[in-house]
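Chain by chain, the residues:
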Amino acid sequence: MEDWLYYFFSITLCLTLSLLLSSLWRAGGKTFLPPGPTSLTAFGPLLLLAWTSVNIESVVRVARSWYGPVFTLYLLPSFPVVFVADRAVAHRVLVQRGSAFADRPPANLATRIFSSDQHNITSAGYGPLWRTLRRNLTGKALHPSSIPRYAAARRRAASGLVDGIAQKMRDEGVVVIEGLLHEAVFHVLTCMCFGQGLDDGAIAAVTELQREFLKVVVGFQVFGSSPKVTKLLFWRRYQRMLSMRRRQEELFIPLIRACRARRDAEGESFAMDCYVDSLLGLRIPEEDGSSRNLTDGEIVALCTEFLSGPVDSTVNVLQWAMANLVARPEIQVKLRAEIRNVAAGQVHSRSKRPYPVLRAPALCGVWGRVSAAGLTPACAMRGDRGSNPGPVREEHLPRMPYLRAVVLESLRRHPPARFILPHAAAGEDGEKLDGFIVPREVSVNFTLGDMAMDGAVWPEPERFRPERFLPGGEGEDLDLTGGREIKMMPFGAGRRMCPGIDVSLLHVNLLVATMVSSFEWSEVPGEPVDFTDTLELTMVMKRPLRAKVVPCC
Ligand code: HEM
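Throughout this description, residue numbers start from 1 for each chain and increase along the sequence as written. The predicted origin of the model limits local features to residues at a pLDDT of at least 70 and limits the giving and counting of side-chain atom pairs to 80 or more, whereas totals for whole chains, interfaces and linings rest on all residues. The side-chain values count all of the structure's non-hydrogen atoms but skip hydrogen atoms and water molecules.

This part covers the pattern of salt bridges. Counted as salt bridges are all cases of a side-chain nitrogen of Lys or Arg within 4 Å of a carboxyl oxygen of Asp or Glu. Applying the stated criterion across every chain, the model contains 34 salt bridges. Of the charged contacts in the structure, one is a salt bridge between R92 and D434, with a shortest N-O distance of 3.0 Å. You can see R92 sitting in helix α4 (residues 87-96) and its partner D434 sitting in the loop between β6 (431-433) and β7 (436-438), a full 342 residues away along the chain. K334 is the salt-bridge partner of E467, the closest N and O atoms lying 2.9 Å from each other. One end of the pair, E467, is in the loop between α19 (448-451) and α20 (501-518); the other, K334, is in helix α15 (residues 329-343), with 133 residues separating them in the sequence. Among the residues examined, K334 registers a relative accessible area of 39% and is labelled partly exposed. Taken together, the salt bridges that share partners define one network made up of E57, R61, R418, D450 and D533. Secondary structure elements follow DSSP: runs of H or I no shorter than four residues count as helices, runs of E no shorter than two count as strands, and numbering proceeds from the N terminus. When accessible area is computed with a 1.4 Å probe and restricted to protein chains, residues below 20% of their type maximum are described as buried, those above 50% as exposed, and intermediate ones as partly exposed.

Written out as C-alpha cells, the structure is:
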C-alpha cells in the first residue's frame, strides 16, 4: 500500500517539478545541460524505488543511442543526472581536467546518516576534509609498508576459506561460496580496521552486522527522494535505518575505545596497528581555519565505509572470477598449472604490474585439514601420487601473469559497479563538460561497465578470455589507473579513484590462487553456472555460485 502512495505522490510531484525545472535550468542562463528525455522525470522515482529490479543500464544505453555519449536523465525529481558514456570523454573529464569534476553531489538522507554528515572519504566534498581523510587512509592503513602487517590475518582468512569449502562439500555435497568469501574478506578488513588483537567473537559480530547492512542499505536510497515525505511513507524502513546506525555505534565504539586505551597505555612506544589507530590522532580541518579530532561517531562512519563497499566489491570480484573458472575448466587447469609451477620454483619471471612484495610465511596445515575433512583427493581418484608443491605464498603472486590476467578479465567482464560513484563539478559556477555547462548540484555519472565492453578496444567483448592481458593481447599494457587512456576503469579514474586498488588486487589474487590450488572445481551436474546478474549494493550473481570441489593433491 505504501508503495502505491509513493508512486502516486512521486509522479504528481515530478511532473510538476519537471515542467518547473526544465524552464528554470534554461531560464537561469548559466546552465546548459546535455540533452536528454525530460519526460523520464516522471518515472525517475519509480526507477529509484525499483532500483534493484529495473535494469538502469538498459535505460542508459537507449539514451546513449538517442543523444550521444553525454546526456541527461532525470532519475531524481529534484536533480537531473548527467551521464558520460564514452571512454575518451571520461578520460578528459576525470583525468585531464584533474579536479574539475572531483566533487560529490549533495548527499541524500541515508548517506548523511551513515557518513556522519559527509565525514567519510566517499561522500566528502572535494576539499580539505576529503584530502585529510584520503591521505590518512592511503598514507597509513593502505600504505604499501603497512600491508605486510596484515599478512597473518590474510593467512587465517585463506585457510579458514579452504576449511569452510571442504566442510561444506563434505556436509552438503555442494559448495556455495558467497558466505565463505564474505567471512574471509571481512576477517581481513575487520583486522585492518580494528587491529590484529580482535577475538573471533568480535570479528563474527562485525561480519554479521555489516552483512546485514550490505543487504538493506540499497533500500535506504528511497530517502534520496523528498525525504520529508518518504520518511512518512516508509516509516518502518526509516526506523530500521536509524536502528542500523545505532547498532553500528553500539558495536564499533567499544572497539574504537579499546584502540584509544591501548594508545594511551603505550604512550611514546605506541605503534599504529590498524585504521582506527590512524584516525585517533588525526586532526581534521574546520571551516574557520582551526582543526579538531574526529568524534567517535565520525570514526564509526569511517569504519562503516571501510567495512561495506570494499568488502562487497572484493567478494563480488572473487565470486565472478570463480564462476568463470568453474564454467571454463580449460582456464582453471591452465591457471592451476601456473600456480603449481611458480610454487614449485619453476617460474622466475616477474609480471609487469607489481603487487606489494610480501614476506609472509606459507599457509600452513591446509592440506592436513582438507584430508581430515574426509574428502577424497583428486590424485587418489586418478590413482597417481599428485604433485602439489604446497600452499600459495604471497610472494609468489607477482610471478603469476595468468592469475593476474584471470582477475583482470573478471574485473572487465563483471565490474562490481556499473557506474562509478556520482561525481560533481567542483567550481562555484559549475564546470564545462564537452560544450555543456554542468552546475555544482548535478550528479555526473560514468558508465564504467559499458566502457569495458567497447568492441573497438576489446574484440569479442562478451567472451571471457584472460589471454587479452598476456603479452600480445589488447590489454597487455593496460594502465588500470586510466592515467594514459581509459580502456576499462573498474576502480574509477582520476582524483577520486579507488584508494584500495592494490590491497584489493592482493586479496583477490591470493584468495583465487588459494581456492584453485586447493581444489578442482566443477559445475554441479545439471546446473550450469548462471551468469545472470542483479543489482544490490554492487552487481552480484543473481543465483550465487554453486559448485562441486575435489581437493587437489
Ligand atoms: C575489488 C575491489 C574494489 C573495487 C572494484 C572498488 C571500486 C571503487 C570505485 C569504482 C570507486 C569510485 C571511484 C570514483 O568515484 O571515481 C571506489 C571508491 C572508493 N573505494 Fe574502492 N573498490 C574496491 C575495494 C576497495 C577497498 C579494499 C578499499 C579500502 C580498504 C576501498 C576504498 C574506497 C574509497 C575510500 C573510495 C572513495 C574514494 C574517494 O571518494 O576519494 N575500495 N572504489
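The nearness test applies per residue and asks whether one of its heavy atoms lies within 4 Å of the molecule or strand. Of all residues adjacent to the ligand, which total 23 residues, the nearest are R104, W130, R134, H423 and C498. N or O atoms closer than or at 3.5 Å make up a polar contact, with two conditions inside protein: a donor-capable atom paired with an acceptor-capable one, and, for residues adjacent in sequence, both atoms drawn from side chains. Separating an oxygen atom of the ligand from a side-chain N or O atom of R104 is a distance of 2.7 Å. Measuring from an oxygen atom of the ligand, one finds a side-chain N or O atom of R496 at 2.9 Å. Breaking the shell around the ligand down by element, the ones donating at least two residues are α6 (128-141), α14 (309-327) and α20. A per-element tally of the shell around the ligand places α14 first, with four residues. Three classes are used: nonpolar for Ala, Val, Leu, Ile, Met, Phe, Trp, Tyr, Cys and Pro, charged for Asp, Glu, Lys and Arg, and polar for all others, with Gly counted as polar. Partitioned by chemical class, the residues of the shell around the ligand number 13 nonpolar, seven polar and three charged.

Moving on, we get to the side chain of H507. As for its position among the elements, H507 is in helix α20. The class of H507 is buried, set by a relative accessible area of 5%. Note on contacts: a residue pair qualifies if any of its non-hydrogen atoms lie within 4.5 Å across the two residues. In this view, H507 contacts R154, V188, L189, M192 and T314; residues no more than four positions away in its chain are not counted.

Ranked by size, the top nonpolar core spans 109 residues in total, and within it I165, F194, V276, V512 and W521 carry the most contacts. Setting aside its immediate chain neighbours within four residues, W521 contacts I165, I177, M322, V326, Q332, R336, M515, V516, A547, K548 and V549. Throughout this description, the term nonpolar core refers to a set of buried Ala, Val, Leu, Ile, Met, Phe, Trp, Tyr and Cys residues connected via side-chain atoms within 4.5 Å. L33, V70, V82 and I420 belong to the second largest nonpolar core, which has 24 residues in total.

Moving on, we come to the UniProt feature "binding site: heme" (unreviewed entry) in the chain. Feature annotation in UniProt places "binding site: heme" (unreviewed entry) on C498, given in this structure's numbering. The residue C498 is located in the loop between α19 and α20 in this model. The residues contacting C498, other than those within four sequence positions of it, are R134 and F491. UniProt positions are given in the numbering used here, feature names are shortened, and annotations may be inferred rather than shown by experiment.

Time to look at the sheet that holds strand β9 (residues 519-523). Where strands meet in a sheet, backbone hydrogen bonds hold them as pairs that are either parallel or antiparallel. A pair of strands counts as paired when DSSP detects no fewer than two bridges linking them. Taken together, the three strands give an open sheet; going across it, the order is β3-β12-β9, and neighbouring strands pair in antiparallel fashion. The open sheet is flanked by β3 (175-176) and β9, the only strands paired with a single partner. Bridge analysis of β3 against strand β12 (residues 546-551) gives two bridges, and the strand direction is antiparallel. What sits directly across from V176, in β12, is R546. Across the face of the sheet, α14 comes into contact with β9 and β12 while running at roughly 75° to β9. To get an axis, a line is fitted to the C-alpha atoms, and for a helix only the part in contact is used. The angle between two axes follows their N-to-C directions and goes from 0 to 180 degrees.

The next point concerns the environment of G430. The residue G430 is located in the loop between α18 (401-413) and β6 in this model. Residue class for G430 comes out buried when judged on its relative accessible area of 15%. Residues G430 and F270, spaced 160 residues apart in sequence, show a C-alpha to C-alpha distance of 45 Å. When sequence neighbours within four positions are dropped, the list of residues in contact with G430 reads A425, V438, P439 and R440.

Helix length check: helix α3 (residues 56-67), at 12 residues, gives a terminal C-alpha distance of 16 Å against a target of 16 Å (1.5 Å per residue), a fit within 8%. Among all positions in α3, only I56, E57, V60 and A63 are buried. Along the long axis of α3, the arc covered by the buried residues comes to 125°, so they all point the same way. In this structure, α3 carries S65 and W66 as exposed residues pointing more than 90 degrees from its buried face. G68 occupies a position one or two residues after α3 and carries a positive phi of about 95°. A helix is expected to span 1.5 Å multiplied by its residue count minus one. Working definition: the arc comes from the directions between the helix axis and the C-beta atoms, pointing outward to the latter.

With that settled, the discussion passes to the packing of aromatic side chains. Only centres within 6.5 Å qualify two rings of Phe, Tyr or Trp (six-membered ring in Trp) as a pair; their planes then separate them into stacked at under 30 degrees, edge-to-face at over 60, and tilted for everything else. For the structure on display, the rule yields 14 aromatic pairs. Ring plane angle 45° and centroid distance 5.5 Å describe the contact between W458 and F469, whose orientation is recorded as tilted. Taken together, the positions of W458 in the loop between α19 and α20 and F469 in the loop between α19 and α20 put the pair 11 residues apart, joining distant regions of the chain. Both residues of the pair, W458 and F469, count as buried. Taking 6.2 Å as the distance between ring centres and 85° as the angle between the ring planes, the aromatic pair formed by F519 and W521 counts as edge-to-face. Residue class for F519 comes out buried when judged on its relative accessible area of 0%.

Pairing within the open sheet is mixed, and its three strands lie in the order β1-β2-β8. Strands with a single pairing partner mark the edges of an open sheet, and in this sheet they are β1 (70-73) and β8 (443-446). The sheet shows a mean angle of 30° between the axes of neighbouring strands, direction not considered. In this sheet, strand β2 (residues 81-84) lies alongside β1 in antiparallel orientation, the contact comprising four bridges. Bridge pairing links L73 to V81 in β2.

It is worth spelling out the state of the cysteines at this point. Count a disulfide wherever a pair of cysteine sulfur atoms falls within 2.5 Å. One pass over the structure, following the stated rule, counts zero disulfides. Just so you know, C191 is unpaired, no disulfide at all, and the nearest cysteine sulfur is the one on C274, 9.7 Å from it.

Packing of helix α7 (residues 151-172) against α20 brings their axes to within 10 Å, and their N-to-C directions diverge by 35°. Seen from above, α7 lies across α20 with right-handed handedness. Taken together, the residues of α20 that come into contact with α7 (itself represented by R154, A158, L161, V162 and I165) are L506, H507, L510, L511, T514, M515 and S518. Taken together, the residues of the contact of α7 with α20 break down into eight nonpolar, three polar and one charged. Helix crossings are classified by the rotation of the near helix relative to the far one: an anticlockwise turn of less than a right angle makes the crossing left-handed, while a clockwise turn makes it right-handed.

Among the secondary structure elements, T132 is positioned in helix α6. Sequence-distant contacts of T132, defined by excluding residues within four places in its chain, comprise L282, R283, I284 and P285.

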